[in-house]
Amino acid sequence: GEDVEQSLFLSVREGDSSVINCTYTDSSSTYLYWYKQEPGAGLQLLTYIFSNMDMKQDQRLTVLLNKKDKHLSLRIADTQTGDSAIYFCAERWNKFYFGSGTKLNVKP
Amino acid sequence: SAVISQKPSRDICQRGTSLTIQCQVDSQVTMMFWYRQQPGQSLTLIATANQGSEATYESGFVIDKFPISRPNLTFSTLTVSNMSPEDSSIYLCSVLGLENTGELFFGEGSRLTVL
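Before going into details, it helps to say that this report is about the structure given with it. (Residues numbered from 1 in each chain as written. Chains lettered and ligands numbered in written order. Predicted model: local features only at pLDDT ≥ 70, side-chain atom pairs only at ≥ 80, totals over all residues. Heavy atoms only, no water.)

Quick look at the sheet that holds strand S8 (residues 75-80) of chain B now. Residues and elements named next belong to chain B. Across the sheet, 4 strands lie side by side as S1-S3-S8-S7; this open sheet has antiparallel pairing. Across the chains shown, the open sheet's two edge strands, defined by having one partner strand only, are strand S1 (4-7) and strand S7 (68-72). The mean inter-strand angle of the sheet, taken between neighbouring strand axes irrespective of direction, is 15 degrees. When S1 meets strand S3 (residues 19-25), the two strands line up antiparallel, connected through 4 bridges. Among the inter-strand pairings, Gln6 is bridged to a residue of S3, identified as Cys23. (Pairing = 2+ DSSP bridges. Helix = DSSP H or I, 4+ residues; strand = E, 2+ residues; numbered from the N terminus. Axes fitted to C-alpha atoms, helices over the stretch in contact; angles between N-to-C directions.)

Another aspect to go through is the pairing of strand S7 (residues 61-66) of chain A. All names here are of chain A. Note that strand S6 (residues 55-58) and S7 share 4 bridges and pair antiparallel. By the bridge assignment for S7, Gln57 is matched with Thr62. Where S6 hands over to S7, the hairpin turn is made up of 2 residues, of which Gln59 adopts a positive phi near 55 degrees. Count of turn residues in the S7/strand S8 (residues 71-76) antiparallel hairpin: 4 residues, of which Lys70 carries a positive phi of about 50 degrees.

Note the cis peptide between B:Lys7 and B:Pro8, where omega equals -5 degrees. With respect to the helices, strands and loops of the structure, B:Pro8 is situated in the loop between S1 and strand S2 (10-13). You will see that A:Gln59, though not glycine, has its phi angle at about 55 degrees, which is positive. Relative to the helices and strands, A:Gln59 resides in the loop between S6 and S7. Of note, A:Lys70 is a non-glycine position whose phi angle comes to about 50 degrees, a positive value. Its location among the elements puts A:Lys70 in the loop between S7 and S8.

Next comes the structure, spelled out in structure tokens:
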């Protein structure tokens, strides 16, 4: 299988920016995704980026893709307590491969 | 987008018993999937539920342990058979979206605890 790796934890203060990083192994991926999982809930698609793009911005969310280094990041501007959740990156090649998730803790 | 309902949302089960999880989608979908999410770990694909034929299982998962039904394009069930504590996990139903971006939509998950 493919390896999609993320750091397990990130802690930030409310109002700061959060940056969640992800590395993946398959350069054939067509789309890369960021999902959010709140406690007791399923995964919710936050945003995605097509593999021929370098950056995508969507309100407080900025996705950066470095294909050379196979590195994907999600930046959340002005992080709020409601952003506390687990964030999964995923790549889609022939099937979906998910990272282990980064637990974001936002301190008031 | 698709709205996916799973039942039960959580259950506590005894070792050796079996439990069936139901997944209902609000629209007809071709591709339905069952994932397992063990604590602190990534999502692992168990199988693809095919309408009108047997499910396609991933390496490490077998039909005797995880029988799947897919009687129509809006419904599927996953049974976890002869459960052991190692089966304690969240089981997620998902469907493939119809947009070009092809994202997965997920149900709320079914959290099973096996004693």
